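What the coordinates show
The residues making up each chain are set out below.
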Amino acid sequence: MDKSKIANLRNNYMLNELLENNVSQNPINQFTEWFNDAINAEMKEANAMVLSTVSDGKPKARVVLLKGFDENGFVFFTNYNSHKGAELEGNNFAALTFFWDVLERQVRVEGEISKLSEEDSCEYFWSRPRASQIGAWVSHQSETIVGRETLDEKLEFYNHKFESEDIVPKPPHWGGYVLKPESIEFWQGRPNRLHDRILYSLENENWRIERLSP
Ligand SMILES: Cc1cc2nc3c(=O)[nH]c(=O)nc-3n(C[C@H](O)[C@H](O)[C@H](O)COP(=O)(O)O)c2cc1C
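No experiment lies behind these values; they were computed from the predicted model shown.

**What about the overall build of the protein?**
Regarding its fold elements, the protein presents 6 helices and 9 strands. Dimensions of the protein, computed from C-alpha atoms along their principal axes, come out at roughly 60 × 50 × 40 Å. Within the protein, the proportion of its 214 residues that are buried is 39%. Contacts in the protein between residues far apart in sequence, at least 24 positions, make up 65% of those at least 6 positions apart. When the accessible area of the protein is evaluated, it comes to approximately 13000 Å², of which 49% is carbon and sulfur surface. Each charge class in the protein was averaged separately, 24 positive and 34 negative side chains, and the resulting centres sit 7 Å apart.

**Observations concerning the domain arrangement of the protein**
Interface size is commonly expressed as the accessible area that is lost once the parts come together. Domain boundaries assigned for the protein yield domain 1 (3-126 + 172-211) and domain 2 (130-169). Taking the mean C-alpha position of each, domain 1 and domain 2 sit 30 Å from one another. Between domain 1 and domain 2, the residue contacts involve 11 residues of the former and 10 residues of the latter. For the pair domain 1 and domain 2, the summed buried area comes to about 790 Å², and 55% of that belongs to carbon and sulfur atoms. Between the two partners, domain 1 and domain 2, sit 0 salt bridges. The tally of links from domain 1 across to domain 2 stands at 6 residue pairs in polar contact (both at pLDDT 80 or more). Among the secondary structure elements, those contributing two or more residues to the side of domain 1 that touches domain 2 are strand 4 (73-79) and helix 3 (83-90). In terms of residue class, the side of domain 1 that touches domain 2 is made up of 4 nonpolar, 6 polar and 1 charged.

**Quick notes on the environment of G111**
Assignment of secondary structure puts G111 in strand 6 (residues 105-115). We classify G111 as buried; its relative accessible area is 0%. As for G111 and F74, which are separated by 37 residues in sequence, their C-alpha atoms are 9.9 Å apart. Among residues more than four places away in sequence, those in contact with G111 are N92, F93, A94, L179, K180 and E182.

**Notes on the pairing of strand 4**
The element strand 4 is largely enclosed, with a buried count of 7 among its 7 residues. Remark: 2 residues form the turn of the hairpin made by strand 3 (residues 68-70) and strand 4, two consecutive strands paired antiparallel. Two strands pair when backbone bridges link them, and strand 4 and strand 7 (residues 174-188) are joined in this way by 6 bridges, in the antiparallel orientation. Of the residues in strand 7, the one forming a bridge with F76 is Y177.

Cut-offs used in this document
- Residues numbered from 1 in each chain as written.
- Predicted model: local features only at pLDDT ≥ 70, side-chain atom pairs only at ≥ 80, totals over all residues.
- Heavy atoms only, no water.
- Helix = DSSP H or I, 4+ residues; strand = E, 2+ residues; numbered from the N terminus.
- Buried < 20%, exposed > 50% of the residue type's maximum accessible area, 1.4 Å probe, protein only.
- Contact = heavy atoms within 4.5 Å.
- Areas by Shrake-Rupley, 256 points an atom, 1.4 Å probe, with all protein chains shown as cover.
- Lys, Arg positive; Asp, Glu negative; His and termini not counted.
- Charge placed at Lys NZ, Arg CZ, Asp CG, Glu CD.
- Domains from an automatic or database assignment.
- Buried area = accessible area lost by both parts, 1.4 Å probe.
- Salt bridge = Lys/Arg side-chain N within 4 Å of Asp/Glu carboxyl O.
- Polar contact = N/O pair within 3.5 Å; in protein donor to acceptor, adjacent residues only side chain to side chain.
- Nonpolar A, V, L, I, M, F, W, Y, C, P; charged D, E, K, R; others polar.
- Pairing = 2+ DSSP bridges.

Pasting the structure below:
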C-alpha cells in the first residue's frame with residue numbers, strides 16, 4: 001500500500017473534553033458514565049477490551065468482552081487452560097484497554113487478576129445460550145487443531161452427550177476472572193493532539209487524581 005496513504009490517515013478530535021472539575025472522584029463512577037455513553041452510542045462492541053498479559057517478559061494481547069464491573073473489578077470469561085490462563089497463572093498483573101472510536105475515548109485499567117468464584121462463573125455460564133455452553137466443552141482454547149472438522153466432530157459428540165440433559169454442566173476449566181484496578185486512565189481526544197488524560201491511582205485505599213500530558 002502507498003505509504004503516504006497511511007501517513008495521511010488522521011482525525012482531529014473535536015467531540016468532547018475531560019476536565020478535573022467535571023470528573024467523578026471515583027473512577028468506577030467515571031467508568032460507569034463513559035460506559036453508558038459507549039452503549040448509547042450504539043457501537044457494535046462497546047464491551048470489547050484488549051486484555052494484555054506478560055509471560056516471561058513478553059507482552060501478549062487479545063480482545064475479550066467485559067461482562068460486568070463494580071468496585072471489586074472488571075469481569076471477563078474465558079477458558080482457564082488457554083494461553084491467557086497460563087500467562088495469568090505465572091503473572092496475575094494485567095491491563096485492559098477500551099477504545100471507543102466514535103466517542104474519541106480510550107480507557108486503560110491496570111491491576112491484579114483473580115479467578116471469579118465457581119458460583120459466579122456458573123451463574124454467568126447458565127445465562128448464555130445453550131449452544132455457547134456446549135461450545136465451551138468443544139473448544140480447548142489456544143490448542144493447535146488439525147482442521148475445522150475437529151470442532152465439527154466434537155460439537156456432534158457433545159450435542160449428543162448433553163442431548164437428554166436439561167442443564168449443560170459448566171466445564172471445570174471455564175470461568176471468569178476479575179481484574180481489581182490499581183489505576184484507571186481516561187483519555188479524551190482533543191484538537192491538535194493536545195488530548196485530555198486523567199489518571200486515577202490507588203494510594204492507601206484512596207484514589208489520587210492527576211492530569212497527564214498527552
Ligand atoms: C470481539 C471479540 C471478543 C472476544 N471475546 C472473548 C471473550 O470474552 N473470552 C475469550 O476467551 N476470548 C474472546 N475472544 C477471543 C480472544 O481474542 C482470543 O482469541 C482467545 O481468547 C484466545 O486467546 P489466548 O490464546 O491468548 O488465550 C474475543 C475476540 C474478539 C475479536
